[in-house]
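Overview (structure and organization)
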Amino acid sequence: MTPGAHAGTMRVVVIGAGVIGLSTALCIHERYHSVLPSLDVKIYADCFTPLTTTDVAAGLWQPYLSDPSNPQEVHWNQQTFDYLLSHIHSPKAARMGLAPVSGYNLFHEAVPDPFWKDIVLGFRKLTPRELDMFPNYSYGWFSTNLILEGRTYLQWLTERLTERGVKFFQRKVESFEEVARGGADVIINCTGVWAGGLQPDPLLQPGRGQIIKVDAPWVKHFILTHDPDSGIYKSPYIIPGIQALTLGGIFQLGNWSEANSIQDHNTIWEGCCRLEPTLKDARIVAECTGCRPVRPHIRLERERLRFGSANTEVIHNYGHGGYGLTIHWGCALEAAALFGKVLEERKLLTMPPSHL
Amino acid sequence: MTSEWSQTLFPLCPMCVYVLKEGFYNVINSRPRGSRICTPPLRTAVKRPMDAARVAVVGAGVMGLSTALCISKLAPRCSVTVIADKFSPDTMSDVAAGILIPHTYPDTPVHKQKQWFRETFDHLFAVANSAEAGEAGVHLVSGWQIFRSIPTEEAPFWADVVLGFRKMTEAELRKFPEHASGQAFTTLKCEGSAYLPWLQKRVKESGGLMVTRRIEDLWELHPSFDIVVNCSGLGSRQLAGDSEIFPVRGQVLKVQAPWVKHFIRDGSGLTYVYPGTFNVTLGGCRQKGDWNLTPDAEMSRDILSRCCALEPSLQGAWDIQEKVGLRPSRAGVRLQTELLARDGRRLPVVHHYGHGGGGFCMHWGTALEATRLLSECVQTLRTPASKSKL
């Protein structure tokens, strides 16, 4: 069967059901379904929530401290925050796993303000009395960010996609060719840390993280510590979720192990209890490990592949490191824009592109 | 003032939290400033000497229990018995949200209110940062106080006591389209349902006793007790013959909405959302002179509707429970010693009541002051020939 055999058909397969896969699928369907009735979107993944990398993430909206190497990422972060902020007034916010959350970023010495200081709300420096709460730190920020809990958000995205008739298939994809020969016109590659299995990418590496979830409902603020010698996520952090509190502080580049490590458990527990003594009696409810898809910058671009006599468009959208939830919607919008270009080129749009 | 006093009466502060400017008293660990709660000292094992003053604290709400604790830690050689008809979870303090945002008392000088608030804030701040925080139900919470118009005063008297007080930004105000201005800060929440049992436990560890009994007349406590500390709130209408104290009825909803991490308070004080450890408190109302303890269904609907207008995600709240409390209101807090006399008998009474809706905000500061008054009574009892300060 050759792809595109039916005139005007557009069969899209999204590979990956983490936050990137599901949000990109939703964004494309929302934008193009009404102008392209033949649009058919399917999701192929070997694992779904609660077993994806997204499910392990604490879900705090916050980019890295340093400027991204690709300036477009600043824009995508902003778009995501604005999109999420527009939903916090809605009664459905909690069902999305979304809520505002305030908290502390702590440092051992003064640092420049981050590029996202005007994206979050109420960004300011910490006062001396606030710093007194954290004896090992001498400088910091207070801001109001957002929580977007991975598991809850994936469930919500799944519901929205199912409502729209998007079908999910549990399968391990071994190659783009297999998906193309199966009839896909466009493949959206959201395979995260495993993208190298479909196409070698030396820039992509696992950034293993482990987290402990505890029951500590009196903790209402996030606390992120930073140690310039260790690097991002290697210093203890505490992030409140809707129900449970996430404790973390592990980032191991190149480690593919998805098993919990006792040593890492101790590192997290001791670091977080030193930071927040009130955790002493908190009950542990879960512990998990995930591999962040680390890359110097996100791979978000088109690639045209040829299998047999037809062209298959692949839109890559992977490599979001530890800030996938933070940047996901901006990337989904960009992927949808790239998809729009494909439709234009194939003259499939019944409306002029500017309408979109 | 606090530190001088504590050095006079009781040089070591083993339990309470005093954030002293020059240093700190903490026998357990070396955390500088912003001190900690220590474990109780060996003192609890020491028997009270025969000439211990026998103190009865009437009332087991936040005032009774915190005063009992201050007395057992700070007043020399006193035995403390807390007597009340109601203990947690059946007191008015259990209904209160316990958020530290002060009201103002028209008859109390502002500097005094500020002092009490600061002492209370410092005490609870140390608890919140200690390993006891979860058990005591004390934690930090950030949020917003919002006004429909621009308030006349630049900043309230307590602005430099809470943390990070500042005006809200335009972007933050967009969350509240019907409000023109607001203040953002971090304060403390102290939940009666956890804090009261925690106080009780600490009082008992210091040798204090709890007795469930309804007192109809303070003279019932004579001669078993030498001094009475009256923390009976609205009960003082009867027990102290005080017609100046009256109820201001408050109804609240305690709901499950664990995604709400910030407090929101309308500047009028009538509508508020206060997230706590176990639930979120939604309020409220202020009905002067109303003694009715039964929840009103229409008021509940109104509260939920007003709170959802501020925080629409509350439409998803579940397990909604209605509670009613009567604020023991008075133009000013009564902190005063009175010497009751009848048929040749004498009974000193330290009155400590009338905090209205500001009980949790001021409780530790006023408990310290009540303890000072009590210590003066004890001194007077022990030196009958000296001139009485009463």
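Residues numbered from 1 in each chain as written. Chains lettered and ligands numbered in written order. Predicted model: local features only at pLDDT ≥ 70, side-chain atom pairs only at ≥ 80, totals over all residues. Heavy atoms only, no water.

All names here are of chain A. Sites flagged by UniProt as "binding site: D-dopa" (unreviewed entry) map to Gln-62, His-226, Tyr-237, Arg-292 and Gly-322. Residue position: Gln-62 is located in the loop between helix H2 (53-56) and helix H3 (72-85). On the basis of relative accessible area, Gln-62 is assigned to the buried category, the value being 4%. Setting aside anything within four residues of it in sequence, one finds Gln-62 in contact with Asn-105, Trp-116, Asn-145, Phe-222, Leu-224, Tyr-233 and Thr-326. The residue Arg-292 is located in strand E13 (residues 283-294) in this model. Take Arg-292: its relative accessible area is 11%, and that puts it in the buried class. With near-sequence residues (within four places) excluded, Arg-292 lies in contact with Val-193, Gln-205, Pro-206, Gly-207, Arg-208, Gly-209, Tyr-233, Tyr-237, Ile-250, Phe-251, Gly-321 and Gly-322. Within the structure, the side chain of Arg-292 is placed 3.4 Å from the backbone oxygen of Arg-208, a separation counted as a polar contact. (UniProt positions renumbered as here; feature names shortened; annotations may be inferred. Helix = DSSP H or I, 4+ residues; strand = E, 2+ residues; numbered from the N terminus. Buried < 20%, exposed > 50% of the residue type's maximum accessible area, 1.4 Å probe, protein only. Contact = heavy atoms within 4.5 Å. Polar contact = N/O pair within 3.5 Å; in protein donor to acceptor, adjacent residues only side chain to side chain.)

This part is about the domain arrangement of chain B. Residues and elements named next belong to chain B. Taken as a whole, chain B is organised into domain 1 (3-93 + 194-244 + 331-387) and domain 2 (137-191 + 246-329). Every contact between the two is made by 13 residues of domain 1 and, on the other side, 15 residues of domain 2. Summed over both partners, the interface of domain 1 with domain 2 comes to about 1,200 Å²; 72% of that surface belongs to carbon and sulfur atoms. Along the contact surface separating domain 1 from domain 2 lie 0 salt bridges. Linking domain 1 to domain 2 there are 4 residue pairs in polar contact (both at pLDDT 80 or more). (Domains from an automatic or database assignment. Buried area = accessible area lost by both parts, 1.4 Å probe. Salt bridge = Lys/Arg side-chain N within 4 Å of Asp/Glu carboxyl O.)

Summed over the entire model, instances satisfying the criterion amount to 42 salt bridges over all chains. In this structure, the salt-bridge partner of Arg11(A) is Asp185(A), at a minimum N-O distance of 3.6 Å. Highlighted residues: Arg11(A) in strand E1 (residues 10-15) and Asp185(A) in the loop between helix H7 (176-181) and strand E7 (186-189), separated in sequence by 174 residues. Here the two residues Arg11(A) and Asp185(A) agree in accessibility, since each one is buried. Here Asp242(B) ties to Arg330(B) by a salt bridge, and the two come within 2.9 Å at their closest N and O atoms. In this pair, Asp242(B) sits in the loop between helix H7 (236-239) and strand E8 (246-256) while Arg330(B) sits in the loop between strand E13 (318-329) and strand E14 (334-342), placing the two residues 88 residues apart along the sequence. On the accessibility criterion, Arg330(B) (16% relative accessible area) is buried. Several salt bridges converge on common partners, so that one network encompasses Arg95(A), Glu159(A), Arg160(A) and Glu163(A).

Counting residues in each nonpolar core, the largest one holds 93 residues, and the members touching the most others are Leu279(A), Tyr195(B) and Leu374(B). Per element, the largest residue contribution to this core is 11 residues, and it comes from helix H9 (residues 359-382) of chain B. Of the residues that make up this core, three or more belong to each of domain 1 (3-93 + 194-244 + 331-387) and domain 2 (137-191 + 246-329) of chain B. Those residues in contact with Tyr195(B) that sit more than four places away from it in its chain are Val62(B), His123(B), Leu124(B), Ala136(B), Val138(B), Cys190(B), Phe360(B), His363(B) and Trp364(B). If you look at the next biggest cluster of nonpolar residues, it comprises 75 residues, including Ala17(A), Val41(A), Val186(A) and Leu343(A). (Core = buried A, V, L, I, M, F, W, Y, C linked by side-chain atoms within 4.5 Å.)

Here, UniProt's "domain: FAD dependent oxidoreductase" (unreviewed entry) annotation points to residues 54-372 of chain B. The annotated region residues 54-372 of chain B carries 27% helix and 32% strand content, and the separation between its end C-alpha atoms amounts to 16 Å.

What follows deals with the interface of chain A and chain B. Listed as interface residues are 33 residues of chain A and, on the opposing side, 41 residues of chain B. Taking both sides of the interface into account, the surface hidden between chain A and chain B amounts to around 3,100 Å²; carbon and sulfur atoms contribute 60%. On the chain A side of the interface with chain B, the three residues burying the most area are Arg129(A), Met133(A) and Lys220(A), jointly 22% of the side's total. The interface formed by chain A and chain B contains 0 salt bridges. Counting across the interface, chain A meets chain B through 7 residue pairs in polar contact (both at pLDDT 80 or more). When residues of the side of chain A that touches chain B are traced back to their parent elements, those giving at least two are strand E3 (98-107), strand E4 (121-125), helix H5 (128-131) and strand E5 (139-148) of chain A.

This part covers the side chain of Ser235(A). All names here are of chain A. Locating Ser-235 in the fold gives a position in the loop between strand E9 (221-225) and strand E10 (237-240). Engagement of the side chain of Ser-235 in a polar contact is seen with the side chain of Thr-225, the distance being 2.7 Å. Leaving out residues up to four positions away in the same chain, Ser-235 has contacts with Tyr-137, Thr-225, His-226, Asp-227, Gly-248 and Gly-249.

Residues and elements named next belong to chain B. Viewed as axis vectors pointing N to C, helix H3 (residues 110-128) and H9 meet at an angle of 105°, and their least axial separation amounts to 6 Å. When the interaxial angle is binned, H3 and H9 end up roughly perpendicular. Every residue of H9 that contacts H3 at Lys-112, Gln-113, Gln-115, Trp-116, Phe-117, Glu-119, Thr-120, His-123 and Leu-124 is listed here: Phe-360, Cys-361, Met-362, His-363, Trp-364, Gly-365, Thr-366, Leu-368, Glu-369 and Arg-372. Of the residues belonging to the contact of H3 with H9, the class tally is 8 nonpolar, 7 polar and 4 charged. (Axes fitted to C-alpha atoms, helices over the stretch in contact; angles between N-to-C directions. Parallel < 35°, antiparallel > 145°, perpendicular 65-115°, else oblique. Nonpolar A, V, L, I, M, F, W, Y, C, P; charged D, E, K, R; others polar.)

We now examine empty space enclosed by the protein. This model, assessed by the stated rule, comprises 3 cavities of 30 Å³ or more. Considering only enclosed or pocket space, the largest cavity measures out at about 200 Å³ in volume. What lines the largest cavity is a set of 18 residues, among which His221(A), Glu276(A), Ala128(B), Asn129(B) and Leu140(B) lie closest to the centre. Class assignment for the residues of the lining of the largest cavity results in 12 nonpolar, 4 polar and 2 charged. (1 Å grid on protein atoms, 1.4 Å probe; cavity = no way out; pocket = protein on both sides within 12 Å on 5 of 7 lines; lining within 4 Å. Points joined across faces, edges and corners; volume = space filled by probe spheres on them.)

In this numbering, the UniProt entry assigns the feature "domain: FAD dependent oxidoreductase" (unreviewed entry) to residues 11-338 of chain A. Between the end C-alpha atoms of residues 11-338 of chain A the distance is 15 Å, and the span holds 27% helix and 31% strand.

Side chains of residues three or four places apart in an α-helix project in the same direction, reflecting 3.6 residues per turn. All names here are of chain A. With 22 residues, helix H9 (residues 324-345) should cover 32 Å at 1.5 Å per step; its first-to-last C-alpha distance of 30 Å lies within 8% of that length. Of all the bends found along H9, the most pronounced is centred on Gly-330 and spans about 30°. Counted residue by residue, H9 has 16 buried out of 22 residues, so it is predominantly covered. At the exit of H9 stands Lys-347, carrying a positive phi of roughly 55°. (Expected span 1.5 Å × (residues − 1). Bend = angle between axes of the 7 residues up to and from the residue.)

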